Amino acid sequence: MTERTVITTSESETFELAVNFAKTLEAGSVICLSGDLGAGKTVFAKGICSALDVTEYISSPTFTIVNEYEGKMRVFHFDMYRIEDEDELIEIGYDEYLASGGICIIEWPENIKNSLPKKRIEISILRDLSVGDDVRKVIFKEFK
Ligand SMILES: Nc1ncnc2c1ncn2[C@@H]1O[C@H](COP(=O)(O)OP(=O)(O)OP(=O)(O)O)[C@@H](O)[C@H]1O
Ligand SMILES: [Mg+2]
C-alpha cells in the first residue's frame, strides 16, 4: 500500500488535484471516495470526470445508486449510502460494472467493505475546521 497526503485550500485546488490524479487512471480503475457531508467528494468526482472529457453534469448520486457517464472512458459513479446488505449489489449488477473496464468511483465504500476489489485507490477528504473552512486534507491510499 502506498500513501500520500495533499492539502488543498479551495474548491478549485481540489478539482485540479482530481484532474491530475485522473491522468494516472487506467481502464477498470476503482476509486473509493470517503468524506463527510460537504467534504468535497463531488468536487473531486467532477475533476476526475472533467479529465476524462465527460461533458454531462455530475451530481451527488443520492437518489440512484449509480450514475453512468460517457467520456474518454465510461465512468460509473456509485453512492453506497443506502446499501444495508452487500447482497443488494447483485441486483444493481455491481460485479458487471467492475468487470466492464470503466472507471468506478464509489462513495460510502464503508458500506460495502467486503465487496471492494483488492486493487483500488482509497481517497479520504477531511476537513479540519481548526485550520480554516476551505482547507481539506486529501489522503490517497493505493492498494495493489
Ligand atoms: N478545499 C476544498 N475542496 C473542496 N471543496 C471545498 C474546499 N473548500 C471549500 N469547499 C466547498 O465545500 C463544498 C464541497 O461540496 P461537495 O458537494 O463536493 O461535497 P460532498 O462531499 O460531495 O458532500 P455530500 O456528501 O453532501 O454530497 C463545496 O461547497 C465547495 O465549494
Ligand atoms: Mg456529493
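Summary of the structure given here. Only a predicted model underlies this, so the values are computations on that prediction, with no experimental measurement involved. Here, residues in each chain are numbered from 1, in the same order as that chain's written sequence. For naming, the first written chain is A and the first written ligand is 1, with later ones following in the order written. For a predicted model such as this one, the threshold for reporting local features is a pLDDT of at least 70, and the threshold for listing and counting side-chain atom pairs is 80 or more; totals across whole chains, interfaces and linings nevertheless cover every residue.

Our next topic: the overall build of the protein chain. Within the protein chain one finds 4 helices and 7 strands. Sequence-ordered secondary structure for the protein chain, helices as α and strands as β, is β-α-β-α-β-β-α-α-β-β-β. Only C-alpha atoms enter the radius of gyration, while the globule expectation follows 2.2 Å times N to the 0.38, with N the number of residues. Its C-alpha atoms give the protein chain a radius of gyration of 14 Å, within 12% of the compact-globule value 15 Å for 144 residues. Summarising its shape, the C-alpha atoms of the protein chain cover approximately 45 × 30 × 30 Å along the three principal directions. The 144 residues of the protein chain split such that 30% are buried. This entry defines residue contacts through backbone-placed C-beta atoms, with two residues in contact when those atoms are within 7 Å. Considering only residue pairs separated by 6 or more positions, the protein chain has 66% of its internal contacts joining residues 24 or more positions apart. Each helix is a run of DSSP H or I of at least 4 residues and each strand a run of E of at least 2, with the numbering of both proceeding from the N terminus. Exposed residues have 12 or fewer other C-beta atoms within 10 Å of their own C-beta, buried residues have 20 or more, and residues in between are partly exposed; the C-beta atoms are placed from the backbone.

For the rest of this paragraph, the subject is helix α1 (residues 11–22). Because each turn of an α-helix spans 3.6 residues, side chains separated by three or four positions end up pointing in the same direction. Here a helix's expected span is defined as the number of its residues, less one, multiplied by 1.5 Å. The terminal C-alpha atoms of α1, which comprises 12 residues, lie 17 Å apart, in line with the 16 Å expected from a rise of 1.5 Å per residue. Looking at α1, one finds that the buried residues are Thr14, Leu17, Ala18 and Ala22. In a view along the axis of α1, the buried residues occupy a sector of 135 degrees, so they form one face of it. Residues of α1 that are exposed and angled more than 90 degrees away from the buried face: Ser12 and Asn20. Contact partners of the buried residues in α1: β1 (2–8), α2 (41–51) and β7 (136–143). By definition, the arc is the one covered by directions from the helix axis to the C-beta atoms.

In plain words, the nonpolar core is the set of buried Ala, Val, Leu, Ile, Met, Phe, Trp, Tyr and Cys residues that C-beta atoms within 7 Å link up. Counting 26 residues, the largest nonpolar core has Ile31, Leu33, Phe44, Ile48, Leu52, Ile105 and Ile106 as the members making the most contacts within it. Residue assignment for this core shows that the elements contributing at least two residues are α1, β2 (30–34), α2, β4 (74–79), β5 (103–107) and β6 (120–127). Looking at which element gives the most residues to this core, the answer is α2, with 6 residues. Each residue touching Ile48, except ones within four places of it in the same chain, is listed here: Ala18, Ala22 and Ile105.

Let's shift gears to unusual backbone geometry. With a phi angle near 60 degrees, Asp53 is a residue other than glycine that sits in the positive phi range. Structurally, Asp53 is set in the loop between α2 and β3 (66–70). A positive phi angle, near 55 degrees, is found at Trp108, a position not held by glycine.

Looking now at the site of ligand 1. Placing a C-beta atom from the backbone of each residue, we mark the residue near a molecule or strand if the atom is within 6 Å of it. Around ligand 1 sit 17 residues in total, of which Thr14, Gly40, Lys41, Thr42 and Asp134 are the nearest. Elements with a minimum of two residues in the shell around ligand 1: α1 and α2. For the shell around ligand 1, a count of residues per class yields 3 nonpolar, 9 polar and 5 charged. Charged means Asp, Glu, Lys or Arg here, nonpolar means Ala, Val, Leu, Ile, Met, Phe, Trp, Tyr, Cys or Pro, and polar covers whatever is left, Gly included.

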